[in-house]
Amino acid sequence: MLCFPKGTTGASSAETAHQTRVWQKPAKVPPQYPPIQSIRAQFTKCDNEKGFIITSPNQETTMKLQDNSVLVRCDGFYLVSLKGYFSQELSLSLHYRKGREPLFSLSKVKYVSSIAVVYLGFKDKIYLNVTTHSTSCEDIQVNGGELILIHQSPGGFCAY
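Anyway, here's the lowdown on the structure attached to this text. None of these values were measured; they are calculated from a predicted model. (Residues numbered from 1 in each chain as written. Predicted model: local features only at pLDDT ≥ 70, side-chain atom pairs only at ≥ 80, totals over all residues. Heavy atoms only, no water.)

## Considering the overall build of the chain
On a plain count of helices and strands, the chain comes out with one helix and eight strands. Starting at the N terminus and ending at the C terminus, the chain contains elements arranged as α-β-β-β-β-β-β-β-β. The long-range fraction of contacts in the chain, counting pairs at least 24 apart against all pairs at least 6 apart in sequence, stands at 70%. Of the roughly 10700 Å² of accessible surface on the chain, 52% is carried by carbon and sulfur atoms. (Helix = DSSP H or I, 4+ residues; strand = E, 2+ residues; numbered from the N terminus. Contact = heavy atoms within 4.5 Å. Areas by Shrake-Rupley, 256 points an atom, 1.4 Å probe, with all protein chains shown as cover.)

## Points about the layout of surface pockets
Considered as a void within the structure, the largest pocket measures approximately 200 Å³ in volume. Looking at the largest pocket, the residues that line it are K50, D67, N68, S69, K98, K125, Y127 and L128. Here the lining of the largest pocket takes three residues from strand 7 (residues 125–132), the largest share from any one element. Considered class by class, the residues forming the lining of the largest pocket number two nonpolar, two polar and four charged. (1 Å grid on protein atoms, 1.4 Å probe; cavity = no way out; pocket = protein on both sides within 12 Å on 5 of 7 lines; lining within 4 Å. Points joined across faces, edges and corners; volume = space filled by probe spheres on them. Nonpolar A, V, L, I, M, F, W, Y, C, P; charged D, E, K, R; others polar.)

## A short note on the pairing of strand 7
The pairing of strand 4 (residues 69–71) with strand 7 spans two bridges and is classified as antiparallel. The residue bridging L71 from the neighbouring strand is K125, located in strand 7. Of the strand pairs in this sheet, strand 5 (residues 76–95) and strand 7 are connected by six bridges, and their pairing is antiparallel. Counted as the bridge partner of S91 is T131 from strand 7. (Pairing = 2+ DSSP bridges.)

## Section: the packing of aromatic side chains
Counted under the stated rule, the structure contains five aromatic pairs. Aromatic pair F43 and F52: ring centres 5.1 Å apart, planes at 55°, arrangement tilted. Exposure remark for F43: the relative accessible area of 0% places this residue in the buried category. By relative accessible area, which is 0% here, F52 ends up buried. (Phe/Tyr/Trp six-rings, centres within 6.5 Å; stacked < 30°, edge-to-face > 60°. Buried < 20%, exposed > 50% of the residue type's maximum accessible area, 1.4 Å probe, protein only.)

## Considerations on the pairing of strand 5
Direction of pairing for strand 5 relative to strand 6 (residues 104–120): antiparallel, over a ladder of 14 bridges. If you follow S81 over to strand 6, its bridge partner there is I115.

## Some words on the state of the cysteines
In this structure the tally under the stated criterion is two disulfides. The residue that forms a disulfide with C46 is C137, at a sulfur-sulfur distance of 1.3 Å. You can see C46 sitting in strand 1 (residues 38–47) and its partner C137 sitting in the loop between strand 7 and strand 8 (142–151), a full 91 residues away along the chain. One exposure class covers both C46 and C137, and it is buried. When the cysteines engaged in disulfides are numbered in sequence order, the chain pairs them as 1-3, 2-4. (Disulfide = S-S within 2.5 Å.)

Put into structure tokens, the structure is as follows:
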């Protein structure tokens, strides 16, 4: 399909050369929303003082870790996935705010494979709490310990 500037017919090359306009690339349109907030973190080591140590091997994540917690910067619904296999039975809970009920709470388990959609707010901090029943936390080995958060409702309040 040929497009001609307004008022041209494309009849002759002399006419179109006389009426030629300079076409410019359209300006880049900024994205409507910032990148979706998400993180894929691992927990492979347990410390008697801090519980499971949360690390993120990918430095390019949009959510950050601070003081062994995942920081929530945007209000909204989040997909939360927690999984892992443990060398011994333990009790595990996933928290988002001090003084509130945990998102997940499991007693005397050797594995976890949980997924939920929860509402989180700005300044919430996601952290793991672990209680061992017969040994110290440092003696527990973890295989496949993973915590994933993905923001499901972009466009709400975010603070960067």
